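# Survey of secondary and tertiary structure
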Amino acid sequence: MKKILTTPITDEALADLNVGDIVYLTGHLVTCRDVAHRRLIELKQQLPVDVRGGAIFHAGPIVREKDDGSFEMVSIGPTTSMRMEKFERQFIQETGVKMIIGKGGMGEETAAGCLENNAVHAVFPGGCAVVAATKVEAIEAAEWRDLGMPETLWVNRVKEFGPLIISIDTKGNNIFEENKKTFNERKGAILERIHEKVKFIK
């Protein structure tokens, strides 16, 4: 059965999610990346969008402004979440955001923030930015436009946005860190086998 989260997201909706689960998002999704994080954490500027119980997307979309002043989402692909690692734990605590979406994994600080505040991080597959745009029903607002198109906080109304792979759950489990440990445990024996095959190469 397809798992759909709807904003505002409750603690109960996230409680039974585990790393590796696939979910979809319906409701509101706000793009929020490097500079917006820096403004909140370092410059102590309040976000102009209330994301409590909501979801943010580490993304720099391409948006078309129409003649009537409304906006159309052309492309919305994820950017690397790890760039926000040094901010994310505090960001979660201060904003009450429940879901962070991006590309690739995040580290120990974000995992701690998710554990402490009942939040999750999810991965949206790279290379699907145009497909993702079809899940945006409307752009309802644009805040901090002085930052330029990629860094603007675009408030999107989405329907079944995904697939989203849970990479950090509310228990603090981190699928990227778990996979890294598994890889490191296996690589020694694998490298030895490879060396036996190619040791004749000088």
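What you are looking at is a predicted structure, and each value in this text was computed from that prediction instead of being measured. Note on numbering: residues in each chain are counted from 1, in written sequence order. The predicted nature of this model means local features are confined to residues of pLDDT at least 70 and side-chain atom pairs, given and counted, to a pLDDT of 80 or more, with totals for whole chains, interfaces and linings taken over all residues. Only hydrogens and water are set aside when side-chain values are computed; all heavy atoms of the structure are taken into account.

With that settled, consider helix α6 (residues 175–198). With 24 residues, α6 extends 33 Å from end C-alpha to end C-alpha; this agrees with the ideal 34 Å at 1.5 Å per step. At Lys 187, α6 shows its maximal kink, close to 40°. Runs of H or I in DSSP of at least four residues are treated as helices and runs of E of at least two as strands, each being numbered from the N terminus. By definition here, a helix of n residues has an expected span of 1.5 Å times n minus one. In this analysis the local bend is the angle between axes fitted, respectively, to the seven residues ending at and the seven residues starting at the residue.

The criterion for an aromatic pair is that two Phe, Tyr or Trp rings (for Trp, the six-membered ring) have centres within 6.5 Å, with stacked assigned to planes under 30 degrees apart, edge-to-face to planes over 60 apart and tilted to the rest. The full count for this structure, using the stated rule, is 4 aromatic pairs. Their ring planes at 70° and their centres at 6.1 Å tell us that Phe 57 and Phe 124 sit as a pair that is edge-to-face. You can see Phe 57 sitting in strand β3 (residues 55–57) and its partner Phe 124 sitting in the loop between β7 (120–123) and α5 (129–133), a full 67 residues away along the chain. Both residues of the pair, Phe 57 and Phe 124, count as buried. Relative to Phe 161, the ring of Phe 57 lies with its centre 5.5 Å away and its plane at 75°, an arrangement referred to as edge-to-face. In this pair, Phe 57 sits in strand β3 while Phe 161 sits in strand β9 (residues 153–168), placing the two residues 104 residues apart along the sequence. In terms of burial, Phe 57 and Phe 161 fall into one category: buried. Here the aromatic residues Phe 57, Phe 124 and Phe 161 are joined through ring pairs into a cluster of three or more. A cation sits over an aromatic face here: Lys 2 above Tyr 24, 4.4 Å from the ring centre. Only Lys NZ and Arg CZ are tested; either one counts as a charge over a ring when it is within 6 Å of the ring centre and within 35 degrees of the ring normal. Above the ring of Trp 144, the side-chain terminus of Arg 39 is found at 4.8 Å from the ring centroid. Residue exposure (1.4 Å probe, protein chains only): buried if accessible area is under 20% of the type maximum, exposed if over 50%, otherwise partly exposed.

Moving on, we get to the side chain of Glu 151. With respect to the helices and strands, Glu 151 occurs in the loop between β8 (136–143) and β9. Residue Glu 151 is classed as buried on the basis of its relative accessible area of 11%. Polar contact is defined as a pair of N or O atoms within 3.5 Å, subject to the rule that within protein one atom must be able to donate a hydrogen and the other to accept it, and that residues adjacent in sequence are counted only when both atoms are side-chain atoms. A distance of 3.3 Å separates the side chain of Glu 151 from the side chain of Arg 33, its partner in a polar contact.

With that settled, the discussion passes to the UniProt feature "domain: Fe-S hydro-lyase tartrate dehydratase beta-type catalytic" (unreviewed entry) in the protein chain. UniProt positions are given in the numbering used here, feature names are shortened, and annotations may be inferred rather than shown by experiment. When the UniProt feature table is mapped onto this chain numbering, "domain: Fe-S hydro-lyase tartrate dehydratase beta-type catalytic" (unreviewed entry) sits at residues 5–178. When the span residues 5–178 is considered, its composition is 25% helix and 32% strand, and the gap between its end C-alpha atoms is 25 Å.

The next point concerns the nonpolar core. Of all hydrophobic cores here, the largest spans 29 residues; its most connected members are Leu 25, Met 99, Ile 101, Phe 161 and Leu 164. Of all the secondary structure elements, the ones that give two or more residues to this core are β2 (22–31), β3, β5 (71–75), β6 (99–102), β7, α5, β8 and β9. Residue contributions to this core peak at 5 residues, all from β9. Not counting residues up to four positions away in its chain, the partners in contact with Leu 164 are Asp 21, Ile 22, Val 23, Leu 25, Met 99, Ile 101, Ala 122, Val 123 and Phe 124. Here, nonpolar core means buried Ala, Val, Leu, Ile, Met, Phe, Trp, Tyr and Cys residues that are tied together by side-chain atoms lying within 4.5 Å of each other. Residues Ile 41, Phe 87, Phe 91 and Ala 111 belong to the second largest nonpolar core, which totals 23 residues. Here, two residues are considered to be in contact whenever any of their heavy atoms come within 4.5 Å of each other.

Turning our eyes to something else, we now look at helix α4 (residues 108–117). Restricting attention to buried positions, one finds in α4 the residues Thr 110, Ala 111, Ala 112, Gly 113 and Cys 114. At its buried positions, α4 is contacted by α3 (85–95), β7 and β9.

Let us now look at the pairing of β9. Strands are treated as partners if at least two bridges between them are detected by DSSP. Examined bridge by bridge, β2 and β9 share 7 bridges and lie antiparallel to one another. Considered in β9, the bridge of Val 30 is made with Val 155. Taken together, the 3 bridges between β7 and β9 define a ladder with antiparallel strand orientation. Bridge pairing in β9 places Ala 122 opposite Ile 166. Where β8 and β9 come together, 6 bridges link them in antiparallel fashion.

Turning next to the state of the cysteines. Whenever a pair of cysteine sulfur atoms sits within 2.5 Å, that pair is classed as a disulfide. Counted according to the given criterion, the structure contains 0 disulfides. Free of any disulfide, Cys 32 has its nearest neighbouring cysteine sulfur in Cys 114, separated by 14 Å.

What follows concerns a nonpolar patch on the surface. Here a patch means residues that are over 30% exposed by relative accessible area and free of salt bridges, tied together within 9 Å if like-charged and within 5 Å if nonpolar (Val, Leu, Ile, Met, Phe, Trp, Tyr). Values of accessible area rely on a 1.4 Å probe in the Shrake-Rupley scheme; residue burial ignores everything except the protein chains shown. Counted as salt bridges are all cases of a side-chain nitrogen of Lys or Arg within 4 Å of a carboxyl oxygen of Asp or Glu. Together, Ile 190, Leu 191, Ile 194, Val 198 and Phe 200 give the surface a local cluster of nonpolar side chains, amounting to about 470 Å² of exposed area. Residue position: Phe 200 is located in the segment after α6. Take Phe 200: its relative accessible area is 60%, and that puts it in the exposed class.

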